[in-house]
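The residues making up each chain are set out below.
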Amino acid sequence: DANVVVDCFRVMDRVRRDLMFRRRWRLDLDPGRLTVSGYAQQVDLPSCRINLSPIQRALYHFFLKHPEGVRLVDLRDAHHVAELTQLYHVVATKGNRQEQATTIRAVVEDLEGKLQQHLSRIRRAFRQALGFGEAGLYSIEGVPAEPYRIGLERQFVLWTDREGHR
């Protein structure tokens, strides 16, 4: 009967959709490997690419390099601004170096609330890709006046430069 076949396909589609939502049915409890690679230093998970703007990628890379975490007010320190600017130079798609440095300085000084907007967009990108449960492990989390950090253990991060070297 055609109705039985249609019902079978609907059931198979539901099972497939539920299995695609990673954590619900996973037997392997290790998190998926996060890969940062390529000319634009894109952030990839095994099943998808996390779409981040160049500023968001620079912020994400900065927090990946600091597993101990960094308070948001400390981002204004000269050495953190220099590190963020260097990371942004690698992934920036427009502007000269001076304009890029000015852009990063404006973000970390957070005069217009742009820093929180970027952090929120990073969290949203991971939530859309992974769901609420697993996204917390990969996104930048923290509470005001405390260090913000990425909870993923660095053994699950594969970071290569533009030429593909670790």
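Just above, that's the structure.
Let us look at the structure shown here. (Residues numbered from 1 in each chain as written. Predicted model: local features only at pLDDT ≥ 70, side-chain atom pairs only at ≥ 80, totals over all residues. Heavy atoms only, no water.)

Counting 39 residues, the largest nonpolar core has Leu34, Tyr60, Phe63, Leu75 and Phe126 as the members making the most contacts within it. Where this core is concerned, the elements lending two or more residues are β1 (34-37), α3 (54-64), α4 (78-91), α5 (97-109), α6 (114-130) and α7 (132-138). For Phe126, the contacting residues outside a window of four places in its chain are Leu34, Val43, Leu45, Ile50, Tyr60, Gly131, Ala135, Tyr138 and Ser139. (Core = buried A, V, L, I, M, F, W, Y, C linked by side-chain atoms within 4.5 Å. Buried < 20%, exposed > 50% of the residue type's maximum accessible area, 1.4 Å probe, protein only. Helix = DSSP H or I, 4+ residues; strand = E, 2+ residues; numbered from the N terminus. Contact = heavy atoms within 4.5 Å.)

As a further point, take the sheet that holds strand β2 (residues 42-44). In spatial order, the strands read β3-β2-β1-β6; together these four strands make up an open sheet with mixed pairing. Of all strands in the sheet, those bounded by a partner on one side alone are β3 (49-50) and β6 (157-159). In terms of strand pairing, β2 meets β3 through two bridges, oriented antiparallel. Bridging across to β3, Val43 finds its partner in Ile50. (Pairing = 2+ DSSP bridges.)

Turning to α6, a few remarks are in order. Because the α-helix completes a turn every 3.6 residues, residues three or four places apart line up on one side. The end-to-end C-alpha distance of α6 is 24 Å, a good match for the 24 Å that 17 residues give at a rise of 1.5 Å each. Within α6, burial applies to Leu115, His118, Leu119, Ile122, Arg123, Ala125, Phe126 and Leu130. Mapping the buried residues of α6 onto a view down its axis gives an arc of 155°, with all of them on the same face. A positive phi of about 90° marks Gly131, the residue just after α6. (Expected span 1.5 Å × (residues − 1). Arc of directions from axis to C-beta.)

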